[in-house]
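# Fold and contact review
If you want the building blocks of each chain, they are given just below.
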Amino acid sequence: MAATQTQDLLQAAELLAQGQLVAIPTETVYGLAANALDPKAVSHIFTVKERPAFDPLIVHLAQGEDMAQYVAALPPAFERLYRYFGAGPLTYILPKKALIPDIVTAGHSTVGIRIPRHPLTQQLLSDLPFPLAAPSANIFGRLSPTSADHVADQLGERIPLILDGGQCAVGVESTIVDLSGKQARVLRLGGLSLEALTKALGHKPAVNAHSASNPRAPGMLSAHYSPGKPLELVERLPGIIPEAPRTGLLCFRRAPADHPEYLKEVLSPEGDLETAATRLFAALRKLSAEPQVKQILAETFPEEGLGRAINDRLRRAAYRGT
Ligand code: TXA
Ligand code: MG
């Protein structure tokens with residue numbers, strides 16, 4: 001049976017309270033949510049997503065004031081960042097309290113917590129008597145969904161309900177900052193820019209290099225965000241595109257004029273990286289769904305602001321192992 005798409009918060013809350021899964025909108029990407037305090041409900045997330053059990057989930061709360069219930073210590077850096085940013089595309093890694101089941105954190109002593117700012121999910125979280133564990137609502141290793149239809153494409157047959165909150169305003173997953181050690185460390189570049197984070201912290205945080213196996217963030221695996229067709233990342237698109245009628249192009253500001261219209265996606269003619277991020281995953285989906293396309297050629301974005309998160313996703317989409 002195909003999932004119902006709705007804006008009915010009561011129906012969503014009811015299913016979640018019964019231990020079922022509901023896809024929820026956030027400003028970054030859609031999440032596949034379950035009651036974070038119910039290990040059995042959480043186990044369905046891993047099954048439905050085909051996600052390995054070693055990859056921990058992010059717990060979503062309505063407000064920072066609820067944080068102390070779930071984490072063992074709140075460092076000054078958290079207070080500072082939450083005061084500065086409030087709800088938004090930032091996930092904090094902090095030492096967990098026993099209340100958070102081990103299945104959520106894949107046995108780690110830390111938990112990832114985020115306070116999303118999407119109004120529908122904000123309301124849902126405020127109504128519920130429990131927090132929501134939610135990874136991105138895609139099949140493991142594939143592109144993250146930025147609309148209810150994207151969720152339906154991949155998971156529609158596996159879940160009862162998709163809460164439709166429209167297009168995601170940010171479009172790439174949250175930035176993950178580990179505050180469990182002495183120094184703040186960024187584990188994933190995402191929807192909150194490194195520049196903004198640096199400003200709020202008052203210093204530049206350490207940034208973990210992108211690696212093939214990173215035990216601190218198992219989900220940082222190199223091969224991820226697969227669009228389903230081979231993708232090559234180039235510094236600059238060549239003037240002449242090899243195998244032009246079979247090559248989809250992902251471009252920042254402009255595309256080669258002579259390339260067929262339906263085989264090219266321009267993310268922001270105005271050169272705005274935030275706009276580009278909101279369109280990234282939808283554009284990759286569109287290109288890879290085009291039957292003509294045998295390969296995708298993507299250009300590297302400026303390594304600043306949300307360009308860093310875009311490049312990170314494209315590098316992993318391009319990764320084919322060695
Ligand atoms: O924007 C987002 O963060 C979205 C929305 C739905 O909130 N969620 C999301 O979840 O992207 P997911 O599961 O696709 O990615 C979460 C990442 C994974 O790479 C996981 O390894 C990492 O967070 N993570 C979660 N808990 C962690 C922990 N305790 N220590 C280190 N990494 C953790
Ligand atoms: Mg994901």
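Every value quoted in this text rests on a predicted model; they were computed, and no experiment measured them.

## Observations regarding the domain arrangement of the chain
When the domains of the chain are assigned, the result is domain 1 (4-207) and domain 2 (231-318). Centre-to-centre, using C-alpha coordinates, domain 1 lies 28 Å away from domain 2. Counting residues at the interface gives 22 residues for domain 1, matched by 14 residues for domain 2. Between domain 1 and domain 2, the buried area comes to about 1500 Å², and carbon and sulfur atoms account for 58% of it. For domain 1, the biggest contributors to the area lost against domain 2 are Leu143, Val172 and Leu189; these three give 36% of the whole. Joining domain 1 to domain 2, the criterion identifies 2 salt bridges. Across the salt bridge formed by Arg308 and Glu195, the nearest N and O atoms sit 2.8 Å from each other. Between domain 1 and domain 2 we count 8 residue pairs in polar contact (both at pLDDT 80 or more) in total.

## Focus on helix H2 (residues 39-49)
Of the residues making up H2, those classed as buried are Ala41, Val42, Ile45, Phe46, Val48 and Lys49. For H2, the elements touching its buried residues are strand E3 (31-35), helix H4 (102-105), strand E7 (132-133) and helix H6 (148-155). Among the residues trailing H2, Glu50 stands out with phi positive, at a value near 55°.

## Some points on the sheet that holds E7
Here we have 11 strands laid out as an open sheet, ordered E1-E8-E2-E3-E7-E4-E6-E5-E9-E10-E11, and mixed in their pairing. One side of each edge strand has no neighbouring strand; the edge strands of this open sheet are strand E1 (4-6) and strand E11 (206-207). Bridge count for strand E10 (residues 185-188) against E11 is 2 bridges, and the pairing is parallel. Looking at E11, one finds that Val186 is bridged to Val207.

## A word on unusual backbone geometry
One non-glycine residue, Ala106, lies in the positive phi region at around 55°. Looking at where Ala106 falls in the secondary structure, it is placed in the loop between H4 and strand E6 (110-114). Even without a glycine there, the phi angle at Glu243 is positive, about 50°. Inspection of the secondary structure puts Glu243 in the loop between strand E12 (231-234) and strand E13 (247-251).

## Observations concerning the packing of aromatic side chains
A complete count under the given rule lists 5 aromatic pairs for this structure. Ring centres of Phe78 and Tyr82 lie 5.7 Å apart, and the angle between their planes is 10°; on these two criteria the pair is classed as stacked. Of this pair, Phe78 and Tyr82 both sit in helix H3 (residues 76-85), 4 residues apart, roughly one helical turn. Per residue, the accessibility class of Phe78 equals that of Tyr82, and both read buried. Ring centres 5.0 Å apart and planes at 50° place the aromatic pair Phe252 and Phe301 in the tilted group.

What counts and how
- Along each chain, numbering runs from 1 in the same order as the chain's sequence is written.
- The order in which chains are written sets their letters, starting at A; the order in which ligands are written sets their numbers, starting at 1.
- With pLDDT at 70 or above as the cut-off, local features in this predicted model cover only qualifying residues; side-chain atom pairs require 80 or more to be listed or tallied, and sums for whole chains, interfaces and linings still use all residues.
- Only hydrogens and water are set aside when side-chain values are computed; all heavy atoms of the structure are taken into account.
- The domain limits used here are those given by an automatic or database domain assignment.
- Residue contacts are counted whenever heavy atoms from the two residues lie within 4.5 Å of one another.
- The term buried area refers to how much accessible surface (probe radius 1.4 Å) is lost by two components on association, counted for both of them together.
- Take a side-chain nitrogen of Lys or Arg and a carboxyl oxygen of Asp or Glu: if they are within 4 Å of each other, that pair is a salt bridge.
- Under the rule applied, a polar contact is a pair of N or O atoms within 3.5 Å (in protein, one hydrogen donor and one hydrogen acceptor; residues adjacent in sequence only if both atoms are side-chain atoms).
- Note on exposure labels: buried denotes an accessible area under 20% of the residue type's maximum, exposed denotes more than 50%, and partly exposed covers the range between, all computed with a 1.4 Å probe on protein chains only.
- The helix count covers DSSP runs of H or I at least four residues long, the strand count covers runs of E at least two residues long, and both are numbered beginning at the N terminus.
- Pairs of strands are assigned from DSSP output, requiring at least two bridges between the strands.
- The rule is short: rings of Phe, Tyr and Trp, with Trp giving its six-membered ring, pair when the centres are within 6.5 Å, and they are stacked under 30 degrees, edge-to-face over 60, tilted in between.

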